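As a plain string of letters, each chain reads:
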Amino acid sequence: MARNRECIDLSTFWQAADENRPAGAEHERQRIAAALSRVAAGSSGIAWQGLVVHGVQEVAVTHSLDFQFKGAGGEVIAETSMPWIWCKALVVKRLWDGTAELVAVSDDWAG
């Protein structure tokens, strides 16, 4: 049985970027993309900020930490535009209908 919640750490990406460690930031970007792609594979849709995207099979993460939600054949069906800046983590909530909701956690982290 899948967990109802999981946490994807973003702070190590921001720390590597802040310390100008490109290799570390790239490693973290790939780790975040893999985690989000696992979420997509186990969900009927991905929800964030009031929008639900169905048919997501893979999630790509850009160097500025934007997310590209890809469907069959790798086409981008939706993408974010910097909503995760200054977030220390994403909490993935698995909802009753099989949707995975992404919730940003910032808690004075940027301040």
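Residues numbered from 1 in each chain as written. Predicted model: local features only at pLDDT ≥ 70, side-chain atom pairs only at ≥ 80, totals over all residues. Heavy atoms only, no water.

Trainee: Hey, could you go over the overall build of the chain for me, with residue numbers and the actual values?
Mentor: Along the chain, the regular secondary structure elements total two helices and eight strands. Each helix (α) and strand (β) of the chain, taken in turn from the N terminus, gives the series β-α-α-β-β-β-β-β-β-β. Relative to a compact globule of 111 residues, whose C-alpha radius of gyration would be 13 Å, the chain shows 14 Å and is just as compact. C-alpha extents for the chain along the principal axes are approximately 40 × 30 × 25 Å. Long-range contacts, defined here as pairs at least 24 residues apart, represent 44% of the contacts in the chain between residues at least 6 apart. Taken as a whole, the chain presents about 6300 Å² of accessible surface, with 51% of it coming from carbon and sulfur. Taken together, the 10 basic and 14 acidic charged side chains of the chain have centroids lying 6 Å from each other. (Helix = DSSP H or I, 4+ residues; strand = E, 2+ residues; numbered from the N terminus. Rg over C-alpha atoms; globule rule 2.2 N^0.38 Å. Contact = heavy atoms within 4.5 Å. Areas by Shrake-Rupley, 256 points an atom, 1.4 Å probe, with all protein chains shown as cover. Lys, Arg positive; Asp, Glu negative; His and termini not counted. Charge placed at Lys NZ, Arg CZ, Asp CG, Glu CD.)

Trainee: Let's hear about the nonpolar core: which residues, and what values?
Mentor: Core analysis: the largest hydrophobic core is formed by 28 residues, its most contacted members being Leu10, Ile32, Leu36, Leu65, Phe67, Phe69 and Trp84. It is helix 2 (residues 22–41) that contributes the most residues to this core, seven residues altogether. Leave out the neighbours within four places in its chain, and Leu65 touches Leu10, Phe13, Trp14, Ile32 and Trp84. (Core = buried A, V, L, I, M, F, W, Y, C linked by side-chain atoms within 4.5 Å. Buried < 20%, exposed > 50% of the residue type's maximum accessible area, 1.4 Å probe, protein only.)

Trainee: Requested: an account of the sheet that holds strand 5 (residues 67–70), with residues and values cited.
Mentor: On the basis of which strands lie adjacent, the open sheet formed by three strands has the order 4-5-6 and antiparallel pairing. The open sheet has two free edges, formed respectively by strand 4 (58–61) and strand 6 (76–79), since each of these has just one partner strand. The sheet shows a mean angle of 25° between the axes of neighbouring strands, taken without regard to direction. Where strand 5 lies against strand 6, three bridges are found, and the strand directions are antiparallel. Counterpart to Phe69 in the pairing with strand 6 is Ala78. Together, strand 4 and strand 5 form the strand contacts of helix 2, whose direction differs from that of strand 4 by roughly 160°. (Pairing = 2+ DSSP bridges. Axes fitted to C-alpha atoms, helices over the stretch in contact; angles between N-to-C directions.)

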